[in-house]
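Next come the chains, spelled out residue by residue.
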Amino acid sequence: MDLLAEAQWVCTAVEPGSVDHPDELDALDPRWLPVSVPGTAAGAIRDANGVDAARQAQTDASDWWFVTDVPARGRGPWRLSFDGLATQAEIWVGSQRV
């Protein structure tokens, strides 16, 4: 069972370097887009606003945050993998960068 794939994911774009910690996101009142995982920022834009919006989006001009709540069931240990991730990323679990 893949708990993270079953979870509801959202993503948002912020100005590069404007958020150093996930606790800072709410102060920006970001526009959260539902996103499928595995998936991309462009896919979230396409699903929310259409193909033309996704084609015009300059996703590389923003920092993107993908967020979910892990369902509270099952037992660890857990392994989170990022097969196919094609960029630099920081991974946070709660308030801790891992």
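Procedures and definitions
Counting of residues starts from 1 at the beginning of each chain's written sequence and follows it residue by residue. It should be noted that, the model being predicted, local features are given only for residues of pLDDT at least 70 and side-chain atom pairs only at 80 or more, the latter also being counted only at that level, while totals for whole chains, interfaces and linings use all residues. Where side-chain values are given, they derive from all heavy atoms of the structure, hydrogens and water being excluded. A run of DSSP states H or I qualifies as a helix once it reaches four residues; a run of E qualifies as a strand once it reaches two. Both are numbered from the N-terminal end. Should DSSP find at least two bridges between two strands, the strands are taken to pair. The term nonpolar core refers to a set of buried residues drawn from Ala, Val, Leu, Ile, Met, Phe, Trp, Tyr and Cys, joined through side-chain atoms within 4.5 Å. Throughout this description, buried means an accessible area under 20% of the type-specific maximum (1.4 Å probe, protein chains only), exposed means over 50%, and partly exposed covers the range between. Every residue pair with non-hydrogen atoms within 4.5 Å of one another is taken to be in contact. Every residue is assigned a pLDDT by the predictor, reflecting its confidence on a scale from 0 to 100. An axis is simply a line fitted to the C-alpha atoms; with a helix, the fit covers only the stretch in contact. Between two such axes, the angle follows the N-to-C directions and lies from 0 to 180 degrees.

Overview of the environment of arginine 75
Now for step 1: Among the secondary structure elements, arginine 75 is positioned in the loop between strand 3 (63–68) and strand 4 (92–93).
Now for step 2: Counting along the chain gives 57 residues from arginine 75 to serine 18, while the straight-line C-alpha distance between them is 35 Å.

Quick notes on the pairing of strand 1 (residues 9–14)
Now for step 1: Of the pairings in the sheet, the one linking strand 1 to strand 2 (residues 33–35) comprises 3 bridges and is antiparallel in character. If you follow tryptophan 9 over to strand 2, its bridge partner there is valine 35.
Now for step 2: Bridge analysis of strand 1 against strand 3 gives 6 bridges, and the strand direction is antiparallel. Paired with tryptophan 9 across the bridge in strand 3 is threonine 68.

A closer look at the nonpolar core
Now for step 1: Counting 8 residues, the largest nonpolar core is built from Ala7, Trp9, Cys11, Leu33, Val35, Ala44, Ile45 and Ala54.
Now for step 2: When residues of this core are traced back to their parent elements, those giving at least two are strand 1, strand 2 and helix 2 (41–49).
Now for step 3: When near neighbours in sequence (up to four residues on either side) are disregarded, cysteine 11 contacts Arg31, Trp32, Leu33, Val35, Ala44, Trp64, Trp65 and Phe66.

Re unusual backbone geometry
Now for step 1: The residue after valine 37, namely proline 38, is reached through a cis peptide bond having omega -5°.
Now for step 2: You can see proline 38 is positioned in the loop between strand 2 and helix 2.
Now for step 3: Even without being glycine, aspartate 29 reaches a positive phi, approximately 50°.
Now for step 4: Tracing the chain through its elements places aspartate 29 in the loop between strand 1 and strand 2.
Now for step 5: Classification of aspartate 29 by relative accessible area gives exposed; the value is 67%.

Comments concerning the environment of glycine 84
Now for step 1: Looking at where glycine 84 falls in the secondary structure, it is placed in the loop between strand 3 and strand 4.
Now for step 2: Residue classification places glycine 84 among the exposed positions, given a relative accessible area of 74%.
Now for step 3: Considering only alpha carbons, one finds glycine 84 and proline 38, 46 residues apart in sequence, at a separation of 9.2 Å.

Let's talk about the confidence of the model for the protein
Now for step 1: Per-residue confidence for the protein averages 88 on the pLDDT scale, and 91% of its residues sit at or above 70.
Now for step 2: Taken element by element, the predicted model of the protein shows its lowest mean pLDDT in helix 1 (residues 3–6) (67) and its highest in helix 3 (residues 51–56) (97).

A closer look at the sheet that holds strand 2
Now for step 1: With antiparallel pairing, the 3 strands of this open sheet are ordered in space as 2-1-3. A strand with exactly one partner marks an edge of an open sheet, and here the two such strands are strand 2 and strand 3. Adjacent strand axes in the sheet meet at a mean angle of 35°, parallel and antiparallel pairs treated alike.
Now for step 2: Sitting on the sheet, helix 2 touches strand 1, strand 2 and strand 3, and the angle it makes with strand 2 is about 120°.

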